[in-house]
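Chain and residue survey
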Amino acid sequence: MRAGSHPGSAGDSSPRHALPDRSDLEAGRAQGGRFLLLHFQSQGEGRFIGRARGRVLETALTLHALKLADLDPAWQQRLRDHLLRHEATTDEFSRLLALAALGRTQTDDTLQPLQRLLGTLEYAKRRKKALLLMLMVELGLSSLEHSGVTPEDFGDQAVHRFSESYGAALRRIHARHSGGTSTREEGDLALLESRQATNGSWEQQSLITLVAMMALGPTHPAFPRGLRFLRQLEQEDGGIPFLHDVDVWLNAILGLSLQAGGLLPEVRQEVSRFLVGRQHPNGGWAFAEGVRQTDTDSTANCAQVLHQEDAVRFAPVLQRALDYFQPLQREDGGYPTYEREAESEPTMTANILLVQSLMLHRRPDLRPAMHRARQFLRERQRSDGRFETSWSQCETYSIFRVLWALECHEKAEPDLAPDPVRERALRHLLESQGEDGGWRQRQTAPIPDGLSTAYALAALCLPRCADRIPPSCLRRASAYLLRQQDAGTGEFVSIPDQMGPRPISFDVPLLSTAMAVLALSLALRLPPSHLGVEPSHVA
């Protein structure tokens, strides 16, 4: 729970903890909408600002960089103060780096937290492990020999701009710690120098920027430019966030949220104008302004919100998006996040299937690709109904996105045969709902949270899902979600959900309110009977 938020506790006996009726849902959604409106108006930029909260990992690395260069003692102290305040509440791997940056001696096996962190990662695990191990080597938590990292590890599935930049930087750091030279030294140096943006960042991300700075060293002209970028990111509490601004992706998510409830049409128009202006020449979108690497997740969300806002007006924009997706489909029928050479992912595939379903009446040639994508989703569903979680910590997120795609596809092709994917997913959601009405990020998580519950409620409120579940499930989920709303501001609060780089989480504060408003809006679309008395049996 964030500081400054005051949702009711599970033991509170206030009226908000009774099972809600329709007016309660309407009131909660209206408060959430007002919170979003005030945020939008306060920025005065015609878009939502999508800055993340400070993160211990980048804060520790910034302190390390300043110590390497022997610069700015006052800034170093602010960073130390932030780490001391947050070391107990961060993940155990980031805590290790924080303690190292603070100069504390480690006596435990420092590789164990990393192994636990990487335990559930499915994509590019070798490359992500090598990145995090080299950070440990750089901060003195492990010797290079003990880490077992080789230069070849950095190139595993390095098929997009982010992984290429990491690889170039990490090979240079590896060579420095091994006392040798990289066989790609000149090419890596040229790549790093060419990819620093005018604001001093690499791809608007502090982590890539810090790794590149450590690779080039304090005497390289790029180093002070990187520090200027990091100084711009510093937050009031001294923390350094992972991202400068996730504005493109988040504005698309907020657009979908507002559309679901028919809220704030003037804001939606400005958001649409912002998104249209950020489409890249290849037809895709990047997650943030200033990032050159486009991705299927941002592109699908942008295309969906623009189609739902005005399909005729934005037809050329949407056509370019469909053309962007087409060459990315892999032989297994799925789609990756960035480039076709990477692995297919269920959530990316579902998001693209949803957009194609919306436009099938204009593009019937999409039908074979859509059927291959649907088959991929069927094959990638786990036996208990779950999917790999993609860029979210919440297992309910990928379930929601897949079920939303199936809903749209079956509306576009009503003659499709019933799909067992939905039944298995619904069974999992019903069985994993807690006694308090909420859902946890994972089955091993200690408590439920707002975002996991919002994703689950949104999935259950899709028409083809709501017909198959007891109304009491929706009412208890709605009651839990409303308890996560700050009674003063209208904000819905939750624990961090997004990951970057996977599997390390970061917190985008507006996301929890966006998804709660979307879920409540989908609930309010249902007939009153769906939130009424529980039927005598479950279909």
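Quick summary incoming for the structure in this document. All figures in this text were calculated on a predicted structure; none of them were measured in a lab.

Looking now at the overall build of the protein. For the protein, the count of helices and strands is 23 helices and four strands. Expected size for 539 residues packed as a compact globule is a radius of gyration near 24 Å; at 23 Å, the protein falls within 12% of this value. The dimensions of the protein, computed from C-alpha atoms along their principal axes, are 70 × 55 × 45 Å. Residues classed as buried in the protein amount to 61% of the 539 residues present. Of the contacts made within the protein by residues no fewer than 6 positions apart, 71% connect residues no fewer than 24 positions apart. In the protein, the 61 positive side-chain charges and the 66 negative ones have mean positions that sit 2 Å from each other.

Further remarks concern the nonpolar core. With 171 residues, the main nonpolar core has L97, L135 and V211 as its most contacted residues. Per element, the largest residue contribution to this core is 12 residues, and it comes from helix α23 (residues 509–525). Discounting residues that sit within four places of it in the chain, L97 has contacts with L57, A60, L61, L135, M136, L139 and L141.

Listed in full, the buried residues belonging to helix α15 (residues 315–325) are V317, L318, A321, L322, Y324 and F325. The arc that holds every buried residue of α15, seen down its axis, measures 155°, which confines them to one face. Buried positions along α15 lie against α13 (265–276), α14 (296–310) and α16 (346–358).

At a minimum axis separation of 8 Å, helix α18 (residues 395–412) and helix α20 (residues 450–460) run at an interaxial angle of 25°. Considering the angle they form, α18 stands roughly parallel to α20. Of the two elements, α18 crosses α20, and the hand of that crossing is left-handed. From α18, T396, Y397, F400 and L403 reach across to α20, where they touch S452, Y455, A456, A458 and A459.

A separate point is the pattern of salt bridges. Under the criterion given, the structure shown has 32 salt bridges. Here E87 makes a salt bridge to R104, at a shortest N to O gap of 3.3 Å. Of this pair, E87 sits in the loop between α3 (73–86) and α4 (92–101) while R104 sits in the loop between α4 and α5 (111–117); the two residues are 17 residues apart in sequence, bridging distant segments of the chain. The class of E87 is buried, set by a relative accessible area of 14%. The class for R104 is partly exposed, based on a relative accessible area of 39%. Among the salt bridges present, the one from E345 reaches R502, with a minimum N-O distance of 2.8 Å. One end of the pair, E345, is in the loop between α15 and α16; the other, R502, is in the loop between β3 (498–499) and β4 (505–506), with 157 residues separating them in the sequence. Each member of the pair E345 and R502 is classed as buried. Within the structure, one salt-bridge network assembled from shared partners comprises R374, R378, E407, E410, D419, R422 and R464.

Before going further, it helps to spend a moment on the packing of aromatic side chains. The description of two aromatic rings rests on the distance between their centres and on the angle between their planes. One pass over the structure, following the stated rule, counts eight aromatic pairs. Taking 5.1 Å as the distance between ring centres and 50° as the angle between the ring planes, the aromatic pair formed by F242 and F506 counts as tilted. Remark: F506 occurs in strand β4 and F242 occurs in the loop between β2 (240–241) and α12 (247–260); sequence separation between them is 264 residues. Comparing F242 with F506 shows no difference in burial state: the two are buried. An aromatic cluster is built from F162, F287, Y338 and W391, whose rings are joined through pairwise contacts.

Bringing the environment of G217 into the picture now. Mapped onto the fold, G217 is located in the loop between α10 (206–216) and α11 (222–233). Residue G217 is classed as buried on the basis of its relative accessible area, which comes to 14%. Residues G217 and W439, 222 residues apart in the sequence, show an inter-C-alpha distance of 46 Å.

Procedures and definitions
Residues numbered from 1 in each chain as written. Predicted model: local features only at pLDDT ≥ 70, side-chain atom pairs only at ≥ 80, totals over all residues. Heavy atoms only, no water. Helix = DSSP H or I, 4+ residues; strand = E, 2+ residues; numbered from the N terminus. Rg over C-alpha atoms; globule rule 2.2 N^0.38 Å. Buried < 20%, exposed > 50% of the residue type's maximum accessible area, 1.4 Å probe, protein only. Contact = heavy atoms within 4.5 Å. Lys, Arg positive; Asp, Glu negative; His and termini not counted. Charge placed at Lys NZ, Arg CZ, Asp CG, Glu CD. Core = buried A, V, L, I, M, F, W, Y, C linked by side-chain atoms within 4.5 Å. Arc of directions from axis to C-beta. Axes fitted to C-alpha atoms, helices over the stretch in contact; angles between N-to-C directions. Parallel < 35°, antiparallel > 145°, perpendicular 65-115°, else oblique. Left-handed = near helix turned anticlockwise from the far one by under 90°. Salt bridge = Lys/Arg side-chain N within 4 Å of Asp/Glu carboxyl O. Phe/Tyr/Trp six-rings, centres within 6.5 Å; stacked < 30°, edge-to-face > 60°.

On their own, these measurements won't tell you what the molecule is for.
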